[in-house]
Amino acid sequence: MKPQRPQLGQAWAMPEAETAAAPADAGRTATAAVEIVDVTPARVRRPWDLVRLAALVLAGLLLVGLGLIASDTTRGVNDDLVRLLADVPPLLLRMLRTLAAFGALAVPLAFMTREIVRGQTRRLIEALVTGMIAIAVVDVLNRLIVAFASGSLHAALIRSGADASVKPLDTYLAALLAFVAVVGVAQDPRWRALLVAVTGLYVASVFTATRVSLLSLMLSLVIGATVGIVVRYLAGTLNERPDARQIVAALAGRGIVLRRLERIASGPGDHRNYLGTDSGGRQLRVHVLDRDLIATGAVYNTYRLVRIRTEIAPSPALSLERVAEHRSLLAMAAAATGVAMPRLLAGVRCGPDAIALVYDRVTGSPLVEPTDRQLDELWASVLKLHRSRITHRGLRAGNLLVEPGGAVLLPIPQDGTAFATDLRINLDRAELLISTVGLVGVQRAVRSARGVLTDDELAATVAVLQPIVLSRQAREALRADPGLVEAVREEIQGQTHQQPPEPVRVERVRPRTIISVVAVIVAGYLIVGQLGSVDLVTVLAGARWQWLPLVLVASAATYLAAALALIGYVGERLSFARTVLVQLAASFAGFVTPPAVGGLAVNIRYLRKVGLPTAGAAASVGMAQLVNALSHVVLLIAFAAATGVSARHSVPIPGWAFGVLGALGVLISVALAVPAARRWLLARLLPPLHEALPRLLSLLTSPVKLAEGVLGALLLNGSYIAALWFSVHAFDGGIALAQVAVVYLAGAAIGSAAPTPGGLGAVEVALATGLAAAGMASAAAISAVLLFRLATFWLPVPAGWLAMQWLQRQDTL
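The paragraphs below set out a description of the structure included in this document. Keep in mind the model is a prediction, meaning the values are calculated, not measured.

Basis of the calculations
Residues numbered from 1 in each chain as written. Predicted model: local features only at pLDDT ≥ 70, side-chain atom pairs only at ≥ 80, totals over all residues. Heavy atoms only, no water. Helix = DSSP H or I, 4+ residues; strand = E, 2+ residues; numbered from the N terminus. Buried < 20%, exposed > 50% of the residue type's maximum accessible area, 1.4 Å probe, protein only. Contact = heavy atoms within 4.5 Å. Areas by Shrake-Rupley, 256 points an atom, 1.4 Å probe, with all protein chains shown as cover. Salt bridge = Lys/Arg side-chain N within 4 Å of Asp/Glu carboxyl O. Pairing = 2+ DSSP bridges. Axes fitted to C-alpha atoms, helices over the stretch in contact; angles between N-to-C directions. Parallel < 35°, antiparallel > 145°, perpendicular 65-115°, else oblique. Left-handed = near helix turned anticlockwise from the far one by under 90°. Nonpolar A, V, L, I, M, F, W, Y, C, P; charged D, E, K, R; others polar. Patch = residues over 30% accessible without salt bridge, like charges linked within 9 Å, V, L, I, M, F, W, Y side chains within 5 Å. Phe/Tyr/Trp six-rings, centres within 6.5 Å; stacked < 30°, edge-to-face > 60°. Core = buried A, V, L, I, M, F, W, Y, C linked by side-chain atoms within 4.5 Å. Expected span 1.5 Å × (residues − 1). Polar contact = N/O pair within 3.5 Å; in protein donor to acceptor, adjacent residues only side chain to side chain.

Broken down by element type, the chain carries 31 helices and 11 strands. The proportion of buried residues among the 813 residues of the chain is 45%. Across the chain, the fraction of contacts at a sequence separation of at least 24, relative to all contacts at a separation of at least 6, is 76%. Surface summary for the chain: the accessible area is close to 39,700 Å², and the carbon and sulfur share equals 66%.

If you want it as structure tokens, here you go:
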């Protein structure tokens, strides 16, 4: 009689007959009863389905993008296929359509019969319901495409000459793929080959018999598969993972005879955890790797692999055998170093889709309040691994254990490397450093690490101490304490008396870079669109170029003013000439980063090089930015009032601007009213403010320095206004200075919010629109803006690059 699966907390004893049938090493038979505590759900959700869903969504977006952007190309492909199929004999086409019609009817019936024979009535019903859902989804999409879609998308889905009865998407294809996604064909190559053959025949038949496009048929397949995967993930699939009884039998075949096996709760991960007791009373830990769980986190790991350098980011685990071999190698290599951690005893395959890794279970409690001896022992153990070029990558506070006798135990290695580079070793140390900081504080953690590592090794660890490369738990700790990384850096600098090295570049690409690239493309499109409506040759021929030297002088004055503004908020003595060069270098940094971001980084780096602490440097640069923003607002209000009173053409303020300001005010008020958002803001604003407040107070008590800063901010905005005014006069624009000032100040505010380098695109459009609204001819306004941007944005870039190279050679940056 087949035993029933136990519920959690219940014990199940293997019957004598089944026990005798279980294989054992050297012919021995496991005859003792086995107590099993496990819960085996009837249905499970597979992480692989999320990977497939993400791929299908990307494929669908790509197909829609092709229909919208490359409609002529898709139309040409359809025409080429029509001409190719025109040479096929009509008899062959009729046979093709007959086979397609027969297959379209026979294949679903065959799948239904298969499910009934296998006793999967519930899955069959789910598949039929999913097919009907796909039909409804396609019908809704067809109506939306006909009613609202652009002409290019409609033309890409339906070939010219089609009558009204032809739908943009194929209902049958979507229903078939949704049905098959639920019943499943991946495990049976014969059924998979039959499905591919019938689908191909149907696609060829429909393409030749109707006026739908190949893009329409491909998109129908993607939509159907997407619906099927979504339903399959939400409803779950039949659980075919080996249960505890099968695991016990497989382990007995390797001579590991268990008398008890208990499932222990664990968070979402790529394996199941069990605690076992063998016939000799030894306690074991069993990790069961299931093929359908291996893809857990694959999407996130792929994202990290794209964003972070290959040397740092682990590659996504997509193979059961590869993961098992990697963890086995890592465990054996770590055991050879003599470090105290659970030993790997065996790796046993439990059926075709699961592998069990059996470890010693070491008794211990979490390391909560370690002594100095335990910290030293922890770092010494990790150093042994690193001397053998082995990294752990699991040295998180919650994983570290301590034996009853007080010895520290490392957790089972899973994600480390057996042939680690120096960069990965430093990353492992950085992870452990953040973990110990959470246990004993910054000072004790750094002192313990310094007792094992050399000053150079500790400094190299600081270089990779970046949130993006740390574990999720470490990043959560850093989010809770934003100043933690900087506190660790300063503590290491204070204990080693060495200047910390510059951070290692760990990112391959940043989201901000992608956004900037997309924004630059959009900006280029806008600029080219403006230039297309302007006869630049005629406009430039009538320009008054005697104003050009004044434009260049005003542009150069902006760097003098920026240097004066920065010096005003630094108590230490700075070289004015060198500070001017730093501002010039910041212009180059602003060329390759969003506005203000690169300049801020260059100025903070400069102040740190001259001896200011990071908090003081950030406070000085932040104060300069704050005063500059305040002067910007004051000047905008003053000039707006002046132009409204005196000018014939006041610059109109659109009604939507007030709506945007009101919406921003409401959002800020709501954010401050929500406790979680308020805590988030305070956690990021208060710690830096507390560190910088003494320095700010000392600066405010110095009237001379404060006057320098305020004067520099006013001169900076005034120089930009003068440069634009001179550019307007170069093209005979009769606009008052107050109007030009309003246009510049408003355009600069818009540009600072744009994600493009230097506000590219946004500034040009805003300034040209503002000048035209103030009464200047559109062609002349565009030309004046281009001259202004050439002098203030493009020409300083080469000089900024040279300044940055020279300052770096002088160790100023």
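Still more to cover.
This part takes up the pattern of salt bridges. Tallied over the entire structure, the rule returns 23 salt bridges. A salt bridge links aspartate 38 to arginine 263, with the nearest nitrogen and oxygen atoms 3.7 Å apart. Of this pair, aspartate 38 sits in the loop between strand E1 (35-37) and strand E2 (43-44) while arginine 263 sits in strand E4 (residues 258-263); the two residues are 225 residues apart in sequence, bridging distant segments of the chain. On the basis of relative accessibility, which here comes to 2%, the residue aspartate 38 falls in the buried class. Residues participating in the shared-partner salt-bridge network are Arg291, Glu321, Arg349 and Asp353.

Next up on the list: the sheet that holds strand E10 (residues 401-402). Read from one edge of the open sheet, three strands run E9-E10-E11, paired in antiparallel fashion. Two strands bound the open sheet, and with one partner strand each, they are strand E9 (365-366) and strand E11 (408-409). Judged from the two bridges that link them, E10 and E11 form a sheet pairing that is antiparallel. Its bridge partner being in E11, valine 402 is matched across the sheet by valine 408.

With that settled, the discussion passes to the packing of helix H5 (residues 121-148) against helix H9 (residues 214-235). Following both chains from N to C, one finds H5 and H9 inclined at 135°, their axes separated by 9 Å at the closest point. Taken together, the axes of H5 and H9 are oblique relative to one another. For the pair H5 and H9, the crossing hand works out as right-handed. Taking contact as the criterion, the partners of Glu126, Thr130, Ile133, Ala134, Val137, Val138 and Leu141 in H5 are, on H9, Ile223, Val227, Gly228, Val231 and Ala235. Partitioning the contact of H5 with H9 into residue classes produces nine nonpolar, two polar and one charged.

Moving on, we come to a nonpolar patch on the surface. Taken together, the side chains of Ile125, Leu128, Val129, Met132, Ile133 and Val137 make up a nonpolar region of the molecular surface, amounting to roughly 480 Å² of accessible area. Mapped onto the elements, methionine 132 comes out in helix H5.

Further remarks concern the sheet that holds strand E7 (residues 344-349). Reading across the sheet, the six strands line up as E1-E4-E5-E6-E8-E7 and stay open at both edges, with mixed pairing between neighbours. Edge positions in the sheet fall to E1 and E7, since each has one partner strand and no second. Averaged over all pairs of adjacent strands, the angle between their axes in this sheet comes to 20°, without regard to strand direction. As paired elements, strand E5 (residues 271-278) and strand E6 (residues 283-290) share seven bridges and run antiparallel to each other. By the bridge assignment, arginine 272 is partnered in E6 with valine 288. Its contacts with the sheet place helix H12 (residues 320-336) against E5, E6, E7 and strand E8 (354-360), and it is angled at close to 15° to E8.

This structure, assessed with the given rule, holds nine aromatic pairs. When the ring of phenylalanine 111 is compared with that of tryptophan 191, the centres are 4.9 Å apart and the planes differ by 40°; the resulting orientation is tilted. Residue phenylalanine 111 is found in helix H4 (residues 90-117), and its partner tryptophan 191 is found in helix H8 (residues 189-209); the two are separated by 80 residues along the sequence. Across the pair, exposure class does not vary: phenylalanine 111 and tryptophan 191 are buried alike.

As a further point, take the nonpolar core. Membership of the largest hydrophobic core comes to 48 residues, with the highest contact counts inside it found for Leu378, Leu410, Leu433 and Val488. Residue assignment for this core shows that the elements contributing at least two residues are H12, helix H13 (372-387), helix H14 (422-440), helix H15 (442-452), helix H16 (455-463), helix H17 (472-480) and helix H18 (484-496). Leave out the neighbours within four places in its chain, and leucine 378 touches Leu367, Leu400, Val408, Leu410, Leu432 and Thr436.

With 22 residues, H9 should reach 32 Å at 1.5 Å per residue; the first-to-last C-alpha distance of 32 Å fits that figure. Where H9 ends, the next residue or the one after it, glycine 236, has phi of about 85°, a positive value.

Attention now moves to the pairing of E6. Counting buried positions over the eight residues of E6 gives six, a clear majority of the element. As consecutive antiparallel partners, E5 and E6 are separated by four residues, and within that stretch glycine 281 has a phi angle of approximately 90°, a positive value. The sheet contact formed by E6 and E8 spans seven bridges and is antiparallel. Counterpart to valine 286 in the pairing with E8 is valine 358.

Next up on the list: the pairing of E8. For E8, the tally of buried residues reaches seven of seven residues, placing the bulk of the element in the interior. Pairing of E7 with E8, which is carried by five bridges, proceeds in the antiparallel orientation. What sits directly across from valine 348, in E8, is alanine 356. Remark: four residues form the turn of the hairpin made by E7 and E8, two consecutive strands paired antiparallel; glycine 351 in that turn has positive phi of roughly 85°.

Here we come to the side chain of arginine 123. Mapping arginine 123 onto the fold places it in helix H5. Since its relative accessible area comes to 17%, arginine 123 is described here as buried. If sequence neighbours within four positions are ignored, arginine 123 has contacts with Glu115, Arg118, Val182 and Val183.

Okay, helix H7 (residues 171-183) next. A rise of 1.5 Å per residue sets the reference length of H7, with its 13 residues, at 18 Å; its end C-alpha atoms lie 19 Å apart and thus fit the reference within 8%. In terms of burial, H7 is a largely internal element, 11 of the 13 residues being buried. Of the positions making up H7, those classed as buried are Leu173, Ala174, Ala175, Leu176, Leu177, Ala178, Phe179, Val180, Ala181, Val182 and Val183. In this structure, the buried residues of H7 make contact with H4, H5, H8 and H9. Where H7 begins, the side chain of aspartate 170 points an oxygen toward the backbone nitrogen of tyrosine 172, at a separation of 3.1 Å. Two residues or fewer past H7, glycine 184 is found with a positive phi of approximately 85°.

In this section: the environment of alanine 561. When you line up the elements, alanine 561 lands in helix H21 (residues 548-567). Since its relative accessible area comes to 3%, alanine 561 is described here as buried. Once the C-alpha coordinates of alanine 561 and leucine 715 are considered, the two residues, 154 residues apart in sequence, prove to be 5.5 Å apart. With sequence-adjacent residues up to four places away left out, alanine 561 is seen in contact with Gly712, Leu715 and Leu716.

All right, on to the packing of H14 against H15 then. Between two packed helices, the angle of one axis relative to the other and the distance separating the axes together describe the packing. At their nearest, the axes of H14 and H15 sit 7 Å apart, and the two run at 135° to each other. When the axes of H14 and H15 are compared, the pair comes out oblique. Taken as a pair, H14 and H15 cross one another with a handedness that is right-handed. From H14, Leu433, Thr436, Val437 and Val440 reach across to H15, where they touch Val442, Arg444, Ala445, Val446 and Ala449. Among the residues making up the contact of H14 with H15, the classes are represented as seven nonpolar, one polar and one charged.

Let us now look at the environment of tyrosine 559. Summarising the element assignment, tyrosine 559 is placed in helix H21. With relative accessibility at 11%, the residue tyrosine 559 sits in the buried group. C-alpha separation for the pair tyrosine 559 and threonine 579, spaced 20 residues apart in sequence, amounts to 9.0 Å. For tyrosine 559, the residues in contact, after removing those within four places along its chain, are Val580, Gln583, Leu584, Ser587, Thr792 and Pro796.

Another aspect to go through is unusual backbone geometry. Look at arginine 389: it is not a glycine, yet its phi comes out positive at around 60°. Structurally, arginine 389 can be placed in the loop between H13 and E10. A positive phi angle is found at aspartate 811, which is not glycine, with a value near 60°. For aspartate 811, the location among the structural elements is in the segment after helix H31 (796-809).

Don't take any of this as a statement about function, it's just geometry.
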